[in-house]
Amino acid sequence: QVQLVESGGGLVQAGGSLRLSCAASGRTFSSYVMGWFRQAPGKEREFVATISRSGGSTYYADSVKGRFTISRDNAKNTVYLQMNSLKPEDTAVYYCAADRPPAWRGSYYYTIDENEYNYWGQGTQVTVSS
């Protein structure tokens, strides 16, 4: 099992930047595909970004492509989400999630399906003011 703890959320003006971090417990962090999701008030949770076990593959939602960057440091058991050019519509609770696919999937596999993620953090609030 893995436990996830997000940090780095806060209040920022439109056009500003924030860096979210997600620290994972355990010694098998590199076995997990990691993802970021978000949920705005009154809306369903949506996919934001994902990164493969090796960090060699990433994928983004169209709404954040070119503005957000997901990365990971397997030595520190941490995944990051660098968010630039923030917009008011980015306001949401951001969740970190982990999926441990079978080994045969390889080190470049990732998924955008939240149903494949078994472990979730508690979330961190990001508020972007206009």
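Please read these numbers as outputs of a predicted model, since none were measured by experiment. (Residues numbered from 1 in each chain as written. Predicted model: local features only at pLDDT ≥ 70, side-chain atom pairs only at ≥ 80, totals over all residues. Heavy atoms only, no water.)

Trainee: Would you mind going over the nonpolar core with me for this structure?
Mentor: The nonpolar side chains of soluble globular proteins are, as a tendency, buried together. M34, W36, V79, L81, M83 and Y94 are the most contacted members of the largest nonpolar core, which has 36 residues in total. Looking at this core, the elements with two or more residues in it are β3 (18–24), β4 (33–39), β5 (46–51), β7 (68–73), β8 (78–83), β9 (92–99) and β11 (124–129). Top contributing element to this core by residue count: β9, with five residues. Setting aside chain neighbours within four positions, we find Y94 in contact with E6, L20, W36, F37, R38, V48, F68, L81, M83, G123, T124 and V126. (Core = buried A, V, L, I, M, F, W, Y, C linked by side-chain atoms within 4.5 Å. Buried < 20%, exposed > 50% of the residue type's maximum accessible area, 1.4 Å probe, protein only. Helix = DSSP H or I, 4+ residues; strand = E, 2+ residues; numbered from the N terminus. Contact = heavy atoms within 4.5 Å.)

Trainee: Hey, could you run me through the state of the cysteines in this one?
Mentor: Applying the stated rule across the entire model yields one disulfide. Each sulfur in the disulfide pair C22 and C96 lies 2.1 Å from the other. Residues C22 and C96 are joined by a disulfide whose S-S torsion is about -75°; by sign, that bridge is left-handed. Taken together, the positions of C22 in strand β3 and C96 in strand β9 put the pair 74 residues apart, joining distant regions of the chain. In this structure C22 comes out as buried when scored by relative accessible area, which is 0%. (Disulfide = S-S within 2.5 Å.)

Trainee: I tried to follow the environment of Y119 on my own but got confused; where do I start?
Mentor: Looking at the secondary structure, you find Y119 in strand β10 (residues 119–120). Judged by its relative accessible area of 22%, Y119 is partly exposed. C-alpha separation for the pair Y119 and V2, spaced 117 residues apart in sequence, amounts to 6.8 Å.

Trainee: What exactly am I supposed to notice about the environment of V126 here?
Mentor: Within the fold, V126 resides in strand β11. We classify V126 as buried; its relative accessible area is 0%. With 25 residues separating them along the chain, V126 and P101 place their C-alpha atoms 29 Å apart. If we skip the residues at most four places from it in the chain, V126 touches G9, G10, L18, L20, M83, D90, T91, A92 and Y94.

Trainee: In this structure, what is going on with a nonpolar patch on the surface? I would like to understand it.
Mentor: Taken together, the side chains of Y59, Y110 and I112 make up a nonpolar region of the molecular surface, amounting to roughly 250 Å² of accessible area. Considering the arrangement of structural elements, one finds I112 in the loop between β9 and β10. By relative accessible area, which is 43% here, I112 ends up partly exposed. (Patch = residues over 30% accessible without salt bridge, like charges linked within 9 Å, V, L, I, M, F, W, Y side chains within 5 Å. Areas by Shrake-Rupley, 256 points an atom, 1.4 Å probe, with all protein chains shown as cover. Salt bridge = Lys/Arg side-chain N within 4 Å of Asp/Glu carboxyl O.)

Trainee: Would you mind going over the side chain of E6 with me for this structure?
Mentor: Assignment of secondary structure puts E6 in strand β1 (residues 4–7). An unpaired buried charge is present at E6: no salt bridge exists, and R45, the closest side chain of opposite charge, is 8.2 Å distant. Discounting residues that sit within four places of it in the chain, E6 has contacts with S21, C22, W36, Y94, Y95, C96, G121, Q122, G123 and T124. (Lys, Arg positive; Asp, Glu negative; His and termini not counted.)

Trainee: Looking at this model, I keep getting lost on the sheet that holds β8. Mind explaining?
Mentor: The strands making up a sheet associate through backbone hydrogen bonding, with each pair oriented either parallel or antiparallel. Reading across from one edge, β1-β3-β8-β7 is the order of the four strands in this open sheet, with antiparallel pairing throughout. Looking along the sheet, the strands with just one partner apiece sit at the ends: β1 and β7. For this sheet the average axis-to-axis angle between neighbouring strands, irrespective of direction, equals 15°. When β7 meets β8, the two strands line up antiparallel, connected through six bridges. Its bridge partner lying in β8, F68 is registered against M83. (Pairing = 2+ DSSP bridges. Axes fitted to C-alpha atoms, helices over the stretch in contact; angles between N-to-C directions.)

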